[in-house]
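# Survey of secondary and tertiary structure
Residue strings, one per chain:
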Amino acid sequence: MCALFSEEPSHQERTKNPGEIHLGQVQQVVITAIRAADLTLGLRRIPAGFHVVFKADGAEYQTSNKSVCVDQAVVEWHERILLPCEPSSKVRVSVYASFEVGPMLCHGELLRTFEISVGELLDRSEKSHPIIFPPKQGAVISACTSLFITLEQRLSDGNNTEALCPPTTFISGGDTDTLALKTDAGHRLLARYRRMQNRRDLDQSIKHFEHASELCPMDHPYHPAALFNLATVKCISCQAEGRHLDLDIPISLFQGALDLRPIGHPDRPATQLHLAIVLLSRFAKRGFQTDVDAAEELLSEVLNVCHANSHIHRAALFAIETSALHPAASIDTHDLGQEWPVASMLPLSPNQLADQVQWCLRTDDPHALDEVISLHYDALGYYNAMHACRGPLLGNLSIMLVTRFKRRGNAEDLDQAIALDREVLALHPVGHPDRSKSFNNLANGLSTRFDHRGNAEDLDQAIALHREALALHPVGHRYRSTSLNNLANQFSTRFDHQINGEDLDQAIALYREALALCPVGHPDRSLPLGNLATRLSIRFDHRGNAEDLDQAIALAREALALHPVGHRFRSISLNSLANRLSTRFDHRGNAEDLDQAIALHREALALHPVGHTERWKSLGNLVHLLSTHFHHRGNAEDLDRAIALAREALALHPVGHPGRSISLNNLANGLSTRYDHRGIAEDMDQAIALHREALTLRPVGHTDRSKSLSNLAHQLSIHFVHRGNAEDSDQAIALAREALALHPVGHTDRSISLNHLANHLSTRFHHQGNAEDLDQAIALHREALALHPVGHPDRFKSLGNLSNRLSTRFDRRGHADDLDLAIALQREALALCPVGHTDRSMSLNNLANRLSTRFDQRGNADDLNESRESLRCALTLLTQHDPYRLIVHQSLATVYLSFHRSGLDGTGCPGEDTDSINIAMHHYKAAANFVPGGLLFRLRASLDWVRRADQHRHATELEAYGTSMQLMDAYMSATASVSSRHRAMKDFPSTLAVDAASCALRDGDVRRAVELLEQGRTIIWTQMTRLRTPLDTLQTHSDHAAALMKRFRDLSSLLDRPPASHADGTQIVDVEAADARYRRLVEDWNGVVEEIRKVEGFSRFLLPPMFADLQEAARDGPIIMLIASKSSCDAIIIPHKQSPTSIRLPTNLEKLAPLMHELREAIGKDASPKGNQTALIKPLRKLWNDVVFPVVENLGAFARRGSRIWWCPTSFFNFLPLHAAGEYRANGKSLAQQYISSYTPSLTALMRARRSHDKSPSVPFAAIGQNLPAGASFTLDCVEPELDLVRTLLPPPPTVSFTKITSVDATKSRALCALQDNTWLHFACHGTQNYRDPFKSAFLMRDQPLSLLDITRMDLSRHEFAFLSACETAVGDFATPDEVIHLAAGLQFAGVKSVVGTLWKVNDSTVQRLVEAFYKNLCGDGKMNFKGAARALHQAVHSLARDKDMPLDQRIVFMHIGA
């Protein structure tokens, strides 16, 4: 056991209690031996010797000064030094390197120093525990790695005559003491400069040595040493600063020291060496031949005097060799700052360097790696080509360079390593015992370079070298199996890049021989088992021989059995077997293989816990198989789990990690798959972002760039299909073209790139109709098919691709040859997918679709019958949970529709076969209700069902509509943000709810029509308001019910929080994690809702309301729902107690669309001096005649004249000012003359607006105005007067507590606070409607907009009234009209019971007059009642109507929403 010692003087020893060491009668403690290791390790100067100093009780003892040889790792002193006998006494121990033999000017360079007690020294001596030292701060290695001191205890009886080392004596005197102190300080600072490269240390060292020199006159015994020290530091300074002209100074100093050290002086050789090196340095800079001649003479004398194994001899020899290699003419003047390699640096021994190599390989310290490489280069200067140590040094240096290459990627390192390996091979000629090892090392280096540059010559040469190595290991040689594996590996690599079947066969043959040399029981058998299994599996991939795959699995199983639980290679065997089983599943579809593969990968992952360096690989493997499991079983949990694991793998690969691009692609692929099945827009956007990042990590020249190009192209193509941005499609094609260019003719992956580009061109053709795209796609698929000849395992895929494109071209051009060829190709593809093949069912489906198409064109009953039988067979081949069943159900539905149209079954009369149409609808229904098919695909299938049932007026039409709306609701609930829900709504029919209602009306079910309208409209708002549902009555049922209520509120609160708005720099991992948490919350929330429905009285909790519940919305007056569908336009009058009435309106969508456009165009135009607007009156008359008047005619039975009515419009009706409809002629009728109109986006919203809450005694009223918002070009001068006017019209305190926020105070944050704290609101500001993203519609504040999205995030359920004196606050989105997304509706859905808004721009004079009239009517009696808002607005507008100078559009611009 060894302790690691610190060198700080204040080091606290773990000293034993003095009572624990019983010295008894011992009077003396004596050091008998000292042993120091690695004293030259890391030294930058050649020492004359080493000594140890002990200080205790005021006395100092110094050992003799011992020199060391080049290969000497340990220095020992056998000198007896007396220590204090008290165990608690402290001893200061210091180890020094000296730079003169004698006389010694000072101690020299301090290597180690520490303080320790006598007791601990005795303890360590007894237990043989050396003192271990770590490297000094900032150093990779430091001299003196350990020190062991042997002590003995003896009686002072006078009989022991062994001599003790006397205490050190110094010449007393002030100058002498100062001389020693200055010299020691100079050495200390120079050593620190060498370590830290701080220029100030070097300057201070020079000053100390100069002072020391000044203290030594010419006749002083220490004068030569002082000159030598000063010369050394001056030389280092010149080299550090590149001042070669100043080399004259150290030369003069060295010469002076040499003159005082005559022949025979122990320090003369060292002085000659240093003088010679500086002369050579000056020669290199100036080219004086006299310098080199003098240097060679000096070095020759050194070689004659010094022992060949001494450091000085080696340095002199290397200096001579270096000067011969670098004559003055060849030296670059830019190298002035470079030191001569051995001017002052002492190399390590080969053993020391080997230890450093091993340590460096175990760590990841870049500084240490550079240092060890540098030390190797230095050592090579000492060991010439004939030295036995040179070969191992070259080999180790090569290993270090390759290591640095792998860590940093500098190609020069790899090239240099290969050059070194070639030199090593040259040192091992034929017959040398290490020649085979040299072959292997050089081959491995070349193989590595091939992996990074792809130069086939490197790989071919590596194979040739491994052949040579194998030849040196004939049959019977103990290393033959190793050589067989090495050569087989290279053949495998060449096959992977050149696809030469002979290489693969030869690799397999070599692996088989290697395996035969490792019979059962052999400790290395698992290696050839694994290698042979891998290659057999690859041969199966290329040739399709099932025996190869089965044998590969058997071998992999045996390899796993040799690696039981606890074996360090078990995880590798687990992954190998899992991969083989996965491959067999892909080709045979045996579910057991897939399940077993997943289980194996799970076990492998468990063996790579968090923190394991290989965990990311196990995560990637499991991600792939879980995704495969999802594709075949449709279990959404598999996909979510795969994405979670991929997210974890990406987290293990932060920016800069070499494996990050792989993890980015894996996560992106998982998100893309989930988008395909659930349609969550964020998944697609994040997948694109991930693929973009991966592509940037694979620049031009990267071996995997083509994969990233293809992945990003695929995702952009999907984005194009769903968003319609042509730039996405063009970019996808450009990326695919670049990928194809990286796979020229002959490349193994060319067929993949051909297919990808063809698919993208085909997609663009489908959306833009350019025939050239389709023709080019077909040409590309033909080339890909040619690359997959008969026998190729992927031929069936190429056949299917080409068949699909030809079928598409037939659909567009009608060339019968295209269709016939498509069918022939599909038949061949089917033949390549025999029973048991995982793709057989899809191949049957594709053939069935082609045959069905040909039947439609030619009427051959055989085609249709074969199509039906193929699909029936396909359905039976699929498991009950296979997601592809949904696709086959849809195909069967299409085929049965063909039977129905043709009359081939049943009656024989086209269109009268009820059995076929019923079966078709059965299959549509089955597809829509097939849960493993995925929510998005089910929703699309249900919409197909709706379309076909509507087309054939089938009895399931209403059921189809109901199913579609349920799936739409579920699909929307899985989307995290309201903006994402709005984007998603645009991908589906905007008229789904109104068409469903029209269907119900055709069936005479008015009540059902109302229910469907309420269920299928305002879906986005409904999703939000569900999370704010009050549950006070649930609490009284039971403790369980109360707990459910709390759980529901907690989860609703979490879901109601806005999702984080991720900045551009946010890690995709963090974004995905947030979305995953949201989906888990949705699942938990749905579970709690199901539990609540089990409570008595709550069976319909949050289910679409029944008509009996909805009719309560008409409590204060009838509601008129206006339905604009493709089949008819209708009105439904809903009274409070009576049955609803439907009215067929004399208009249709073809009339409503131009009416809406005509009305919008008329706003602000043709205003006559009398306020009439002819262009506006015309559409208002049409609106009266075609829509409003037919309703008014039927209202008499439900509402008295002058009472309130509510409009609930749909589709185009949302954009029409129904309240302003009239004849607009003298004595003409109008709606405003007979009823007070209000609007509501839905019946549920109106009921929610009527909920009562406790009222405060004083109404908190906030008037928020902004006359100059951010970015505005002009000021709204009327804002301040308007708010002041409102204040004067409101009742005084305490009835109203009035707050006014305007000008610089009216910021977004202040407005939000006022919105939260006040239940009555008045906005006077700019308003803007964002038609592209309606949730960004906003009130414009001083700093930034107060958007509709901001409002939706608030709970305003206790708010009563809001007046929106701003433009366009009640205008919705034309793309999704039935979502009713505008500011006024947003306030109502957020909880405000009554809202006044505007349909278009309003001018200042209108606002001032209407506001005054409105508030006088509303609260003129001193009371604040929001229920009077509609009547007050009606009266105010009526008063404006009397002013004929006011334009008509300004008189009708305001509308009321809510209770």
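These remarks concern the structure in this document. (Residues numbered from 1 in each chain as written. Predicted model: local features only at pLDDT ≥ 70, side-chain atom pairs only at ≥ 80, totals over all residues. Heavy atoms only, no water.)

### Concerning the overall build of the protein
A tally of helices and strands in the protein yields 54 helices and 24 strands. Residue burial in the protein is summarised as follows: out of 1459 residues, 55% are buried. Residue pairs at least 24 apart in sequence account for 70% of intrachain contacts in the protein once pairs closer than 6 positions are excluded. Split by element, the accessible area of the protein, about 61,600 Å² in all, is 51% carbon and sulfur. (Helix = DSSP H or I, 4+ residues; strand = E, 2+ residues; numbered from the N terminus. Buried < 20%, exposed > 50% of the residue type's maximum accessible area, 1.4 Å probe, protein only. Contact = heavy atoms within 4.5 Å. Areas by Shrake-Rupley, 256 points an atom, 1.4 Å probe, with all protein chains shown as cover.)

### Notes on the packing of helix H11 (residues 390–408) against helix H12 (residues 411–427)
Closest axis-to-axis distance for the H11/H12 pair is 8 Å, and the angle between their directions is 160 degrees. When the interaxial angle is binned, H11 and H12 end up roughly antiparallel. For the pair H11 and H12, the sense of crossing is left-handed. Where H11 approaches H12, its residues Arg390, Gly391, Leu394, Gly395, Leu397, Ser398, Leu401, Val402, Arg404 and Phe405 are matched on the opposing element by Ala411, Asp413, Leu414, Gln416, Ala417, Leu420, Asp421, Glu423, Val424 and Leu427. Taken together, the residues of the contact of H11 with H12 break down into eleven nonpolar, four polar and five charged. (Axes fitted to C-alpha atoms, helices over the stretch in contact; angles between N-to-C directions. Parallel < 35°, antiparallel > 145°, perpendicular 65-115°, else oblique. Left-handed = near helix turned anticlockwise from the far one by under 90°. Nonpolar A, V, L, I, M, F, W, Y, C, P; charged D, E, K, R; others polar.)

### Section: the pattern of salt bridges
Opposite charge on two side chains permits them to pair, given that their charged atoms come into close proximity. Inspection of every chain in the model, using the stated rule, returns 69 salt bridges. Aspartate 201 is the partner of arginine 192 in a salt bridge, and the nearest nitrogen-oxygen pair spans 3.0 Å. Relative accessible area serves as the criterion here: at 39%, arginine 192 is assigned to the partly exposed category. Within this structure, Asp950, Arg953, Glu957, Arg1002 and Lys1126 form a network of salt bridges that share partners. (Salt bridge = Lys/Arg side-chain N within 4 Å of Asp/Glu carboxyl O.)

### With respect to helix H10 (residues 366–380)
When the terminal C-alpha atoms of H10 are compared, their 21 Å separation across 15 residues agrees well with the 21 Å that a helix rising 1.5 Å per residue should span. Turning to H10, its buried residues are Ala368, Leu369, Val372, Ile373, Leu375, His376, Asp378, Ala379 and Leu380. (Expected span 1.5 Å × (residues − 1).)

### A look at the packing of helix H27 (residues 750–768) against helix H29 (residues 795–813)
In contact at an axis separation of 12 Å, H27 and H29 are set at 20 degrees when each is read in the N-to-C sense. Viewed along their axes, H27 and H29 adopt a mutual orientation that is roughly parallel. Two packed elements cross with a definite hand, and for H27 against H29 that hand is left-handed. Contacts between H27 and H29 involve Asn755, Asn759, Ser762, Phe765 and His766 from the former and Ser798, Asn801, Arg805, Thr808 and Arg812 from the latter. Residues belonging to the contact of H27 with H29 are distributed by class as follows: one nonpolar, seven polar and two charged.

### Concerning the sheet that holds strand S3 (residues 49–56)
Across the sheet, four strands lie side by side as S4-S3-S7-S8; this open sheet has antiparallel pairing. Single-partner strands in this sheet number two, and they are strand S4 (59–62) and strand S8 (109–117). The sheet shows a mean angle of 20 degrees between the axes of neighbouring strands, taken without regard to direction. Each of strand S7 (90–98) and S8 touches helix H1 (residues 118–127); the most contacted strand, S8, lies at about 100 degrees to it. (Pairing = 2+ DSSP bridges.)

### Here we look at unusual backbone geometry
Geometrically, the link from proline 1293 to proline 1294 is a cis peptide bond, its omega value of 5 degrees lying close to zero. One non-glycine residue, aspartate 38, adopts positive backbone phi at about 55 degrees. With respect to the helices and strands, aspartate 38 occurs in the loop between strand S2 (28–37) and S3. Here aspartate 38 falls in the buried class, since its relative accessible area comes to 17%.

### Regarding helix H38 (residues 992–1002)
Among the eleven residues of H38, ten are classified as buried, and the element is accordingly described as predominantly covered. If you check which residues of H38 are buried, you get Leu992, Ala993, Val994, Asp995, Ala996, Ala997, Ser998, Cys999, Ala1000 and Leu1001. A positive phi of about 80 degrees marks glycine 1004, the residue just after H38.

### Topic: the packing of aromatic side chains
Aromatic ring pairs are defined here through the distance separating the ring centres and the angle between the ring planes. Across all of its chains, the model carries 14 aromatic pairs by this definition. Relative to phenylalanine 1298, the ring of phenylalanine 1261 has its centre 5.9 Å away and its plane inclined at 20 degrees; by these criteria the two rings are stacked. Highlighted residues: phenylalanine 1261 in strand S16 (residues 1259–1265) and phenylalanine 1298 in strand S17 (residues 1296–1301), separated in sequence by 37 residues. When its relative accessible area of 0% is taken as the criterion, phenylalanine 1261 is described as buried. In this structure an aromatic cluster arises from ring pairing among Phe1261, Phe1298, Trp1320, Phe1361, Phe1363, Phe1414, Tyr1415 and Phe1454. The residue whose ring lies beneath arginine 940 is phenylalanine 937, and the NZ or CZ to ring-centre distance is 5.8 Å. Sitting above the plane of the tryptophan 1206 ring, arginine 1250 keeps its charged end 4.7 Å from the centroid. (Phe/Tyr/Trp six-rings, centres within 6.5 Å; stacked < 30°, edge-to-face > 60°. Lys NZ or Arg CZ within 6 Å of the ring centre and 35° of its normal.)

### Here's the deal with the side chain of serine 537
Residue position: serine 537 is located in helix H17 (residues 526–543). On the basis of relative accessible area, serine 537 is assigned to the buried category, the value being 2%. Residues in contact with serine 537, not counting those within four places in the same chain, are Leu549, Ala552, Arg580 and Thr583.

### Re the sheet that holds strand S19 (residues 1327–1328)
Adjacent strands of a sheet pair through backbone hydrogen bonds, lying either parallel or antiparallel. The three strands lie next to each other as S19-S20-S21, forming an open sheet whose pairing is antiparallel. Of all strands in the sheet, those bounded by a partner on one side alone are S19 and strand S21 (1346–1347). Sheet topology places strand S20 (residues 1338–1339) next to S21; two bridges connect them, and they run antiparallel. Residue pairing in the sheet places phenylalanine 1339 in a bridge with leucine 1346 of S21.

### A short note on the nonpolar core
Generally speaking, nonpolar side chains in soluble globular proteins are found buried as a group. Grouped together as the largest cluster of nonpolar side chains are 110 residues, with contacts concentrated most on Leu1122, Val1188, Trp1207, Phe1261, Phe1339, Phe1414 and Tyr1415. No other element matches helix H45 (residues 1174–1195), which puts ten residues into this core. Excluding residues within four positions of it along the chain, leucine 1122 makes contact with Asp1130, Ala1131, Leu1145, Val1187, Val1191, Trp1207, Cys1208, Pro1209, Thr1210, Phe1213 and Leu1218. The next biggest cluster of nonpolar side chains, apart from the first, holds 68 residues, and it includes Leu864, Tyr896, Tyr924 and Ala960. (Core = buried A, V, L, I, M, F, W, Y, C linked by side-chain atoms within 4.5 Å.)

### Thoughts on the side chain of histidine 107
Relative to the helices and strands, histidine 107 is located in the loop between S7 and S8. A relative accessible area of 11% means that histidine 107 is categorised as buried. Reaching out from histidine 107, the side chain makes a polar contact with the side chain of glutamate 60 at a distance of 3.3 Å. (Polar contact = N/O pair within 3.5 Å; in protein donor to acceptor, adjacent residues only side chain to side chain.)

### Regarding the pairing of S16
For S16, a buried count of seven out of seven residues is recorded, marking the element as mostly surrounded by other parts of the structure. In S16, alternate side chains face the same way, and those of Val1259, Phe1261, Ala1263 and Gly1265 on one face and Pro1260, Ala1262 and Ile1264 on the other are all buried. Examined bridge by bridge, S16 and S17 share six bridges and lie parallel to one another. Looking at the pairing, valine 1259 lines up with valine 1296 of S17. Pairing of S16 with strand S18 (residues 1320–1324) involves five bridges; the strand directions are parallel.

### As for the pairing of strand S11 (residues 1119–1124)
Here S11 lies mainly inside the structure; six of its six residues are buried. Pairing of S11 with strand S14 (residues 1204–1209) involves four bridges; the strand directions are parallel. By the bridge assignment, isoleucine 1120 is partnered in S14 with tryptophan 1207. Across six bridges, S11 lies against strand S12 (residues 1129–1134) in antiparallel orientation. Counterpart to isoleucine 1120 in the pairing with S12 is isoleucine 1133.

### Comments concerning the environment of asparagine 1330
Assignment of secondary structure puts asparagine 1330 in the loop between S19 and S20. Separated by 18 residues in sequence, asparagine 1330 and leucine 1348 have C-alpha atoms that sit 10.0 Å apart. Contact partners of asparagine 1330, with chain neighbours within four places excluded, come to Lys1336 and Ser1337.

### With respect to the environment of asparagine 849
Within the secondary structure, asparagine 849 is located in helix H31 (residues 840–858). Accessibility expressed as a relative area gives 24% for asparagine 849, which makes it partly exposed. Distance in space between the C-alpha atoms of asparagine 849 and threonine 894 is 8.8 Å, their sequence separation being 45 residues.

### Considerations on the environment of proline 433
Tracing the backbone through its elements, the reader meets proline 433 in the loop between H12 and helix H13 (435–453). With 39 residues separating them along the chain, proline 433 and leucine 472 place their C-alpha atoms 9.8 Å apart.

So yeah, pure geometry; function would need other evidence.
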